[in-house]
Amino acid sequence: MASFAGAFAASHGPLLVREWDAVPADQKTRLEKAFRELGKRMKAAKPDVLVVVSPDHWSNFFLDNYPAVCIGVGEANEGPPEPWMKAFPHREFPGHPRFATHLVNEALKGGFEPSVSHRLKLDHGSCIPLWRMELEKMPALVPMLVNSIEPPMPSLARCLEWGKLLRKAIERFPGKLRVGILATGGLSHSIGEKTMGAIHEDFDRKTISLFSGAERSLVRYLDKELPKRGNGSEEVRNWLVAHGAARGKGFELVDYLPVPAVIVGCGFAAWRP
Ligand SMILES: [Fe+2]
């Protein structure tokens, strides 16, 4: 049986790379510290496999074919295709076909129908947190791309259920393996809309506080508020997958800060096993 090594969540946003020089020094320090702290905790959790739950920013899919959930089952996946991510040190990541295929089979048995890919590109959504966490050794990565950017998207309740399924799949995996989860995206931000640049600190803080309470209240609040809080806030779905996998227990906020220079309410969190 594999074991759940813990779940982690971090915001991403292209400007964390492209406009890094414009971030005020005190905020840079906090962001660096928060990413590094997550990296430290992940290192301590010793995952052999990391399921990276992220949106696909039209790097693999487009409007003609955008799956609700796609799981990468291949031997390897590719590094970020964005030209401004060229300094990212990995061009290819080993996958974990055995665990990924097991996850897909458990999903199908449990009434979930993910699509699969044997080779995915992991764009900035996955790679900015992996980069900034400064992991010395990259675990095998199993990408789980959840549509959290292009309507229609999976429901919030379904994302929680996906997390619970993921946990069950970990516990049913025949073989010794430590499996961690990295959820990326959110909190409030708005890209390419009239409200571009807006950060809703009140929403971010309320969302963070609701992660410590009943699932129902969290889902009810997000269902009502997400449409008003910028399209990027929809990526909090990936946090819900992590939350479901952690069975709602042990959410710990590493840091939260609104960063206008990168137009993202940046949140960092960890769930203990
Ligand atoms: Fe994103």
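Residues numbered from 1 in each chain as written. Predicted model: local features only at pLDDT ≥ 70, side-chain atom pairs only at ≥ 80, totals over all residues. Heavy atoms only, no water.

> Can you walk me through the coordination of the iron ion in this structure?
Metal coordination angles in their ideal form are 109.5 degrees for the four-donor tetrahedron and 90 or 180 degrees for the six-donor octahedron. Looking at the iron ion, the protein donor atoms are His12 (NE2), His57 (NE2) and Glu235 (OE), and they sit 2.0 to 2.1 Å from it. All donors to the iron ion come from one chain, and their sequence spacing reads H-x44-H-x177-E. Highlighted residues: His12 in the loop between strand E1 (3-10) and helix H1 (15-18) and Glu235 in the loop between helix H7 (215-225) and helix H8 (236-245), separated in sequence by 223 residues. A residue is classified by how much of its surface remains accessible, and Glu235, at 2% relative accessible area, is buried. (Donors = N, O, S within 2.8 Å, 3.2 Å for Na, K, Ca; no water. Helix = DSSP H or I, 4+ residues; strand = E, 2+ residues; numbered from the N terminus. Buried < 20%, exposed > 50% of the residue type's maximum accessible area, 1.4 Å probe, protein only.)

> I'm lost on the nonpolar core in this one. Help?
What tends to happen in soluble globular proteins is that the nonpolar side chains get buried as a cluster. Ile71, Phe99, Met144 and Trp271 are the most contacted members of the largest nonpolar core, which totals 54 residues. A per-element tally of this core places helix H5 (residues 156-172) first, with eight residues. Once residues lying within four places of it in the same chain are set aside, the contact partners of Met144 are Val51, Val52, Val53, Ser54, Val69, Cys70, Ile71, Trp162, Leu166 and Val241. Membership of the second largest hydrophobic core comes to 36 residues, among which are Ala5, Met42, Val52 and Cys266. (Core = buried A, V, L, I, M, F, W, Y, C linked by side-chain atoms within 4.5 Å. Contact = heavy atoms within 4.5 Å.)

Read these as layout, nothing more, since geometry by itself doesn't imply function.
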